[in-house]
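# Commentary on secondary and tertiary structure
Here is how the chains run, residue by residue.
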Amino acid sequence: MLVRKYRTSDRKQVEDIHFETGFLGSSMSRLLSNNLLWKKNITYYLEKESESIFVLENKNKVVGYLFGCLNDANNNETRSFVLHTLKNLMLSLFLPRKDKVFWRNQFMTLLHTLTGNSEEMNFKTPKNAGHIHINLLPLARGRNLGTKLLKEFENYAKKKRIKLIHADSFRRPKKSNAQFWLKNGFTVYSEVKTSIWKNQLPDEQIDLVCYAKNLTLS
Ligand SMILES: CC(C)(COP(=O)(O)OP(=O)(O)OC[C@H]1O[C@@H](n2cnc3c(N)ncnc32)[C@H](O)[C@@H]1OP(=O)(O)O)[C@@H](O)C(=O)NCCC(=O)NCCS
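None of the values given here were measured: they were computed from a predicted structure.

### Side note on the packing of aromatic side chains
Under the defined criterion, the tally for this structure stands at 14 aromatic pairs. Seen from their ring centres, Phe 54 and Tyr 156 are 5.5 Å apart, and the 70 degrees between their planes marks the pair as edge-to-face. Taken together, the positions of Phe 54 in strand 2 (residues 54-58) and Tyr 156 in helix 5 (residues 145-159) put the pair 102 residues apart, joining distant regions of the chain. Take Phe 54 and Tyr 156: they sit in the same class, and that class is buried. Judged by centre distance (4.9 Å) and plane angle (75 degrees), the rings of Phe 180 and Trp 181 are edge-to-face. Exposure remark for Phe 180: the relative accessible area of 21% places this residue in the partly exposed category.

### With respect to the site of the ligand
Near the ligand you find 19 residues, and of these Leu 136, Gly 142, Asn 144, Gly 146 and Thr 147 are the closest. In this structure, Gly 142 approaches the ligand through a main-chain N or O atom, which is 2.7 Å from an oxygen atom. Those elements giving two or more residues to the shell around the ligand turn out to be strand 4 (130-136), helix 5 and helix 6 (178-183). The element best represented in the shell around the ligand is helix 6, accounting for 4 residues.

### Remarks on the state of the cysteines
One pass over the structure, following the stated rule, counts 0 disulfides. Cys 69 carries a free sulfur, and the closest cysteine sulfur to it, the one in Cys 210, is 13 Å from it. Residue classification places Cys 210 among the buried positions, given a relative accessible area of 0%.

### Points about the sheet that holds strand 4
Within a sheet, each strand pairs with its neighbour through backbone hydrogen bonds, oriented either parallel or antiparallel. The strand order 1-2-3-4-5-7-6 describes an open sheet built from 7 strands, whose pairing is mixed. Every other strand in the sheet has two partners, leaving strand 1 (2-5) and strand 6 (187-194) as the edge strands with one partner each. Neighbour-to-neighbour, the strand axes of the sheet open up by a mean angle of 25 degrees, direction not taken into account. Sheet strands in contact with helix 1 (residues 11-20) are strand 2, strand 3 (61-69) and strand 4, and its direction is about 85 degrees off that of strand 3.

### Observations regarding the nonpolar core
Ranked by size, the top nonpolar core spans 39 residues in total, and within it Val 14, Phe 67, Ile 132 and Phe 153 carry the most contacts. Residues contacting Val 14, with those up to four places away along its chain left out, are Tyr 6, Leu 46, Val 55, Val 62, Tyr 65 and Phe 67. Counting residues in hydrophobic clusters, the runner-up holds 14 residues, among them Leu 24, Leu 37, Leu 95 and Leu 201.

### Considering the pairing of strand 2
Burial analysis of strand 2 places 4 of its 5 residues in the buried class, the great majority of the element. With 5 bridges joining them, strand 2 and strand 3 adopt antiparallel strand pairing. What sits directly across from Leu 56, in strand 3, is Gly 64. Following strand 2, the chain reverses through 2 residues before pairing antiparallel with strand 3; Lys 59 in that reversal takes a positive phi of roughly 45 degrees.

Calculation notes
- Sequence order as written defines residue numbering, which begins from 1 separately in each chain.
- Thresholds applied to this predicted model are a pLDDT of at least 70 for local features of residues and 80 or more for the giving and counting of side-chain atom pairs; totals over whole chains, interfaces and linings are not thresholded and use all residues.
- Calculated side-chain values reflect all of the structure's heavy atoms, with hydrogen atoms and water omitted.
- Only rings of Phe, Tyr and Trp enter the pairing, Trp through its six-membered ring, and a pair is recorded when the two centres are within 6.5 Å. The plane angle decides the type: under 30 degrees is stacked, over 60 is edge-to-face, the rest tilted.
- Numbering of helices and strands runs from the N terminus; a helix is a DSSP stretch of H or I covering at least four residues, while a strand is a stretch of E covering at least two.
- The classification of residues rests on relative accessible area computed with a 1.4 Å probe and restricted to protein chains. Under 20% of the type maximum is buried, over 50% is exposed, and intermediate values are partly exposed.
- Distances are taken per atom, and a residue is near a molecule or strand as soon as one of its heavy atoms is within 4 Å of it.
- Counted as a polar contact is a pair of N or O atoms within 3.5 Å, where, for protein atoms, one must be capable of donating a hydrogen and the other of accepting one, and residues adjacent in sequence contribute only when both atoms are in side chains.
- The criterion for a disulfide is a pair of cysteine sulfur atoms lying within 2.5 Å.
- Two strands form a pair only when DSSP identifies at least two bridges running between them.
- Angles shown run from 0 to 180 degrees and are taken between the N-to-C directions of axes, each axis being a line fitted to C-alpha atoms and, for helices, limited to the stretch in contact.
- Throughout, a residue-residue contact means that at least one pair of heavy atoms, one from each residue, lies within 4.5 Å.
- Take the buried residues of types Ala, Val, Leu, Ile, Met, Phe, Trp, Tyr and Cys, join any two whose side-chain atoms come within 4.5 Å, and each joined set is a nonpolar core.

Now the structure itself:
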C-alpha cells in the first residue's frame with residue numbers, strides 16, 4: 001500500500017469511494033440510485049484544494065482518501081456544501097423517488113440547522129483551523145493505513161504552518177471510530193446529538209463529534 005498525493009486522474013475512483021463509504025462508512029446505494037448528485041458534495045476539495053488530498057493506493061487502485069482544507073476560516077467549503085444541497089434538491093426532481101426522498105430530507109435537515117431549530121446549531125468547531133475528511137474502503141480498514149494517511153497529511157499541514165486541525169465525524173453507539181481519532185492524538189472539541197440519519201436509523205442515537213488536534217505539540 002502506498003500513500004501519495006492525489007492526481008486528477010484519480011477523480012472517478014475517489015468519487016466512487018465517497019459514494020461507497022458515504023452512509024456512515026457503508027454504501028450510499030441503499031439511499032441513492034446513483035452517484036450523480038452525491039459526488040457534488042466534494043467538489044470543493046477536488047477542484048479548489050486538490051493539493052491537500054492524499055490517497056491510499058493498492059496495485060494501481062485507489063482504496064482510500066483524505067481530503068484536507070488547510071484553513072476553513074472563510075467557510076468556502078460550507079458555502080459550497082449549502083449551495084450543492086439546494087441545487088441537488090432541484091436536480092433530484094428528475095431522478096427516481098428514492099433520490100427525491102433523500103435530497104428532500106437532506107434539505108430539511110440543513111434548513112433546521114440554519115434556522116436554529118436543531119441541536120446541530122450548538123456544534124462548535126475551532127476557528128482558523130484546517131479540517132479533514134478520511135474514508136477507506138472496507139478492505140483497507142483496521143491495518144493502520146488510515147493512521148498512515150493522516151500522518152502524511154499532518155506533515156504536509158505542518159510545513160504549511162497550520163497549527164490546528166479538526167475532523168467532524170459521526171459516532172455510533174456500537175460502531176464508533178472514536179478510538180481512531182483518540183489514538184492519533186485528537187481530543188473531543190465538541191459534540192451534539194444529530195438527527196441527520198434519523199430516517200435511516202430511527203432507533204440509533206448518533207452524535208456528531210468534532211475531534212481536534214494541535215499540530216504544534218507533535
Ligand atoms: C476511520 C478510518 C479512517 C480509520 O482508518 P483505519 O485504517 O481503519 O484505522 P487504523 O488501522 O489506522 O486505526 C485503527 C484504530 O481505529 C479504531 N477504529 C477505526 N474505525 C473503527 C470502527 N468503525 N469501529 C471500531 N473501531 C474503529 C480501531 O479500534 C483501532 O484502534 P486500535 O489500534 O487501538 O485497535 C477507517 O476505518 C474508515 O474509513 N472507516 C469508515 C469511514 C469512517 O468512519 N470515516 C471517518 C469519518 S470522518
